[in-house]
Structures are given as structure tokens and as C-alpha cells.
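Take a look at the letters that make up each chain.
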Amino acid sequence: MGKKGSNRGKNREKVIIGIIILVILLLFFLYLLLKAKKGTNITEQMKTMPVETYTEEIVVKKETPTIIETVANTTEIKVGIEEKVKEEEKEPELPEIQEYEFKKEWGEYGEKKVQFNEPCGIAIDKRDHLYIVDKNNDRVQIMAGEGKYLAEFGRSGNGKGEFYEPVAIAVDKEDNIYIVDKNNDRIQKFKKDGTFIMEFGKGGSGKGEFYEPYGIAIDSSGYIYVVDKNNNRIQKFTSEGEYIKEWGEMGNEDGQFSEPTGIAIDDEDNIYVVDKKNERIQKFDKEGNFILKWGKIGA
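Conventions and cut-offs
Residues numbered from 1 in each chain as written. Predicted model: local features only at pLDDT ≥ 70, side-chain atom pairs only at ≥ 80, totals over all residues. Heavy atoms only, no water. Helix = DSSP H or I, 4+ residues; strand = E, 2+ residues; numbered from the N terminus. Buried < 20%, exposed > 50% of the residue type's maximum accessible area, 1.4 Å probe, protein only. Contact = heavy atoms within 4.5 Å. Areas by Shrake-Rupley, 256 points an atom, 1.4 Å probe, with all protein chains shown as cover. 1 Å grid on protein atoms, 1.4 Å probe; cavity = no way out; pocket = protein on both sides within 12 Å on 5 of 7 lines; lining within 4 Å. Points joined across faces, edges and corners; volume = space filled by probe spheres on them. Nonpolar A, V, L, I, M, F, W, Y, C, P; charged D, E, K, R; others polar. Pairing = 2+ DSSP bridges. Axes fitted to C-alpha atoms, helices over the stretch in contact; angles between N-to-C directions.

*Asks:* Would you mind going over the overall build of the chain in detail, with residue names and values included?
*Replies:* A tally of regular secondary structure across the chain gives two helices and 18 strands. Burial status across the chain gives 32% buried among its 299 residues. Taking as baseline every contact in the chain between residues at least 6 positions apart, the subset at least 24 positions apart corresponds to 37%. As displayed, the chain has an accessible area near 20600 Å², and 55% of this comes from carbon and sulfur atoms.

Written out as C-alpha cells, the structure reads:
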């Protein structure tokens, strides 16, 4: 009797579980039917929507290609910028190295004609005559392009037309000659035949004064730029020696110098200065504004 009661209890539990599963399945099918009916209602509502609403929907859809076109254009611009940046990052093409053919040499150590004692500077006038600064002979020798001796001027001293270790030279458009008379701390100006015209400068650190000037150059307007080596600056003058301005000081930052020695000017009046003990070249505009630099110590 007890065993039969136990079996009946188990059967009752199975029936209850079956009923619960059946109820769950019925609820699930009812949910699906309601969802399908709701979708049908939405479709019917869309079919009965006013024409204006359809028009508005179409306009919205037509805007999508415009957005895509904008993105495409933006992408093209971005690609264009990237290509331009890549082009700018390319190293500049170096000019072809021109080969020079040796023609002739002249000169030897001494103090006679066509002899030199530490020649230091050279310039050429419109007639292609050479003016060679013969430093330790305290003179300038004038020669033809093939080395033929023409004339000379200068001697040791501190008077007009005399020199004490001249080191640099420049020639202007009128073939006037400017000599850097280093140890006399002055610039002397001569005619093309060596006739003395004028001088300017004296020893010191004030405006228009020099402490071992070492280089000279002339721009397209005739202004004179003098490398004032031991004052670590560049001074600018008129062709008559009137002081205009200066720039530079001792140091190794941009626009500073440590014993500058040489100078050159290009066709656009940019100025290049040899900054000797900083082992570099600095570039400036004609007003002395720093542009760039390059070089460092090395072999």
C-alpha cells in the first residue's frame, strides 16, 4: 500500500510539470501572435500615411549621399595635404657639382712682384682685374686674370694708404676698393688704381669702432658689412663709412658669435657669416634678422 502511494505521488508531480510546460508554450505562442499582429498594424498605418509624410522621408534619404560626398571630399583634401607634406619632407635636390679645370698658378713666398707672404683676401673688378691682399707684406697687388702683374699699393704703417696686416677686401659697383686693415682697426677705401679716398673706424667697442675687423662684403644697394671679429658683431655702414646699425654679441645662441671671420652676400642680399669658434655658418637678412644656421664641430 505504501509503494502504490509513492508511485501515485510521482505521477502527480509529472502531470503538474507537464501542465506548467504547456502553459509556458501557450504564453510563448500568444506573445508571437501579438507581435505579428502589431507588425501588421504598423504596415497598414504606413500604407495609409499622408503623401507629405512620404515626401519628407524621401528628402531625408536624399541627404545621405551629400554626407557621403562631403566625407569623400574631406578625404581627398586630407590625402592631398598628406601628399604635399611628403613632398615638403623630401630632401632638396643638390645641384650638379661643376668640374673645374686647372689652368695655371702663380706666386711664391717673398716680397717682390708676384710674391706673397700669407695672402689673405681677393676680389675682382668689372675689368676682371684681381686685387690680392698680401697680408704680411702690408700691400695689395693688382694682377690680370692670368697672373700678370699690373701694380701694387700700400706699405707698413698706420697712415693713409698704409696697412698693418690687412686681411680682407671688397669691390663695389664703381670699382672702389675697401680694405680691412685689421691691426689698425679700420677700413680704407681706394680708387681702382690704388689712390686713397678715405678711411673709417678706430680701435674700440663703440659704434663704428673695431677690435680686429676680419671680413667685409657689399650688398646690392652699396651698403658695407664689416665682421668685427673680437667684438663678436657685424656692423653696417654706408659707402661713405657712416654707421647704420650692428647686431651680434658673444655667445652660441642664434645671432650670437664667437670670433666671426668671414662674410658673403647673395643676390637677394641675404648675409652669411662664418662663426669660427662656434663651428657654424649663420644666415641673416640685410637688417640683421636671424634666418637659419648650420654646421657643427667635426671632421
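*Asks:* Tell me what's going on with the layout of surface pockets, and back it up with residues and numbers.
*Replies:* Roughly 430 Å³ of internal volume is contained in the largest pocket. Lining the largest pocket we find 26 residues, and of these Ala170, Val171, Ala217, Ile218 and Ile265 sit closest to its centre. Elements with a contribution of two residues or more to the lining of the largest pocket: β3 (119-124), β7 (166-171), β11 (213-218) and β15 (260-265). A class-by-class count of the residues in the lining of the largest pocket yields 15 nonpolar, two polar and nine charged.

*Asks:* Which residues make up unusual backbone geometry, and what are the values?
*Replies:* The backbone of Glu165 sits at a positive phi, close to 60°, despite the residue not being glycine. Considering the arrangement of structural elements, one finds Glu165 in the loop between β6 (149-153) and β7. Here the phi dihedral of Asp175 falls at roughly 65°; this positive angle occurs in a residue that is not glycine. Along the chain, Asp175 turns up in the loop between β7 and β8 (177-181). On the accessibility criterion, Asp175 (5% relative accessible area) is buried.

*Asks:* Lay out the pairing of strand β17 (residues 280-284) with the relevant residues and their values.
*Replies:* Burial within β17 is extensive, with four of its five residues counted as buried. Here strand β16 (residues 271-275) hands over to β17 after four residues, with Glu279 in that stretch at a positive phi of 55°. Connecting β17 to the next strand, strand β18 (residues 290-294), in antiparallel fashion are five residues, including Gly288 with a positive phi near 90°.

*Asks:* Outline the sheet that holds β18, listing residues and values.
*Replies:* One open sheet accounts for four strands, arranged β15-β16-β17-β18; its pairing is antiparallel. Among the strands making up the open sheet, the edge pair consists of β15 and β18. Across this sheet, the average inter-strand angle for adjacent strands is 20°, counted without regard to direction.

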